[in-house]
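# Structure assessment
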Amino acid sequence: MQQQLEQLAAQARQGEKEAFGTLIRTHEASLYRVAKSIVHSDEDCADAIQEAVLKAYRSIHSLREPKYFKTWLIRILVNECRALLRKKKKTVPFVELQHARTETDDYVHIETLEIVNALDEDLRIVVTLFYLEDLPLKEVADLLDQPVGTIKSRLYRARNKLADMFNIHNGSGKELMI
C-alpha cells in the first residue's frame, strides 16, 4: 500500500490530476481528524482542508520526496488551521456584534457623554481625546501644546470629578462605561 501511495505521489508531482485526487481521497479522514483537533468546528475544518488541498495542488511540484506526501500535506493543513485561527481572533462574529450593544448601553453612553460634557473645558477636552478618541497621552499633550505631566494631572482631576458625578447621577453604584 505504501509503495502505491509513493507511486501516486510521484505521478501527481508529474502533473497527473487523477493521481492527486486519489491521494487526497486516501488521506481525507486523516486531514479531517487533524483539522478537527485544531479548529474544532466542522465549517472551519472544511475551510482549512479546502485551502490546504488547493495549496498542495498548486505546489505539488515542490514535493521533494513522494514517500513524505502525507506529512507534507498535513504540514500545509496545520499551517492553514493556524492561519484560520489567527484570522478568527481578529474578527468578531456579526451575531455577537449585533447583541453587543443593548438599548440600556445606548442610554448609559448618552448619560456618560452628558456628564463628560458637564466638566470644565480643560478637563473635558482631555477626557474626550484620551478616552473617547483613544489617543495616547503624548499625542494629547502635543495636540493641546501642554506637558504630559499637565495632561496626567488633568486626567486625574477629571476622573475624580467624574466619579463624584456618576455617584450623584447613578445611585445604583454600578460602574458606567465611557
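Source: prediction; values computed, not measured. (Residues numbered from 1 in each chain as written. Predicted model: local features only at pLDDT ≥ 70, side-chain atom pairs only at ≥ 80, totals over all residues. Heavy atoms only, no water.)

### Regarding unusual backbone geometry
- A positive phi is found at His40, a non-glycine position, where the angle reads about 75°.
- The exposure class assigned to His40 is exposed, which follows from its relative accessible area of 54%.
- The backbone phi angle of Asp145 is positive, close to 55°, even though this residue is not glycine.
- Positionally, Asp145 belongs in the loop between α8 (137-144) and α9 (148-169). (Buried < 20%, exposed > 50% of the residue type's maximum accessible area, 1.4 Å probe, protein only. Helix = DSSP H or I, 4+ residues; strand = E, 2+ residues; numbered from the N terminus.)

### Notes on the packing of helix α2 (residues 17-39) against helix α3 (residues 42-58)
- Running from N to C, α2 and α3 point in directions that differ by 140°, and their axes come no closer than 9 Å. Of the two possible hands of crossing, α2 and α3 adopt the one that is right-handed. On α3, the residues that touch Lys17, Phe20, Ile24, Leu31, Tyr32, Ala35, Lys36 and Val39 of α2 are Asp42, Asp44, Cys45, Ile49, Val53, Ala56 and Tyr57.
- Residue composition of the contact of α2 with α3, by class: eleven nonpolar, no polar and four charged. (Axes fitted to C-alpha atoms, helices over the stretch in contact; angles between N-to-C directions. Left-handed = near helix turned anticlockwise from the far one by under 90°. Contact = heavy atoms within 4.5 Å. Nonpolar A, V, L, I, M, F, W, Y, C, P; charged D, E, K, R; others polar.)

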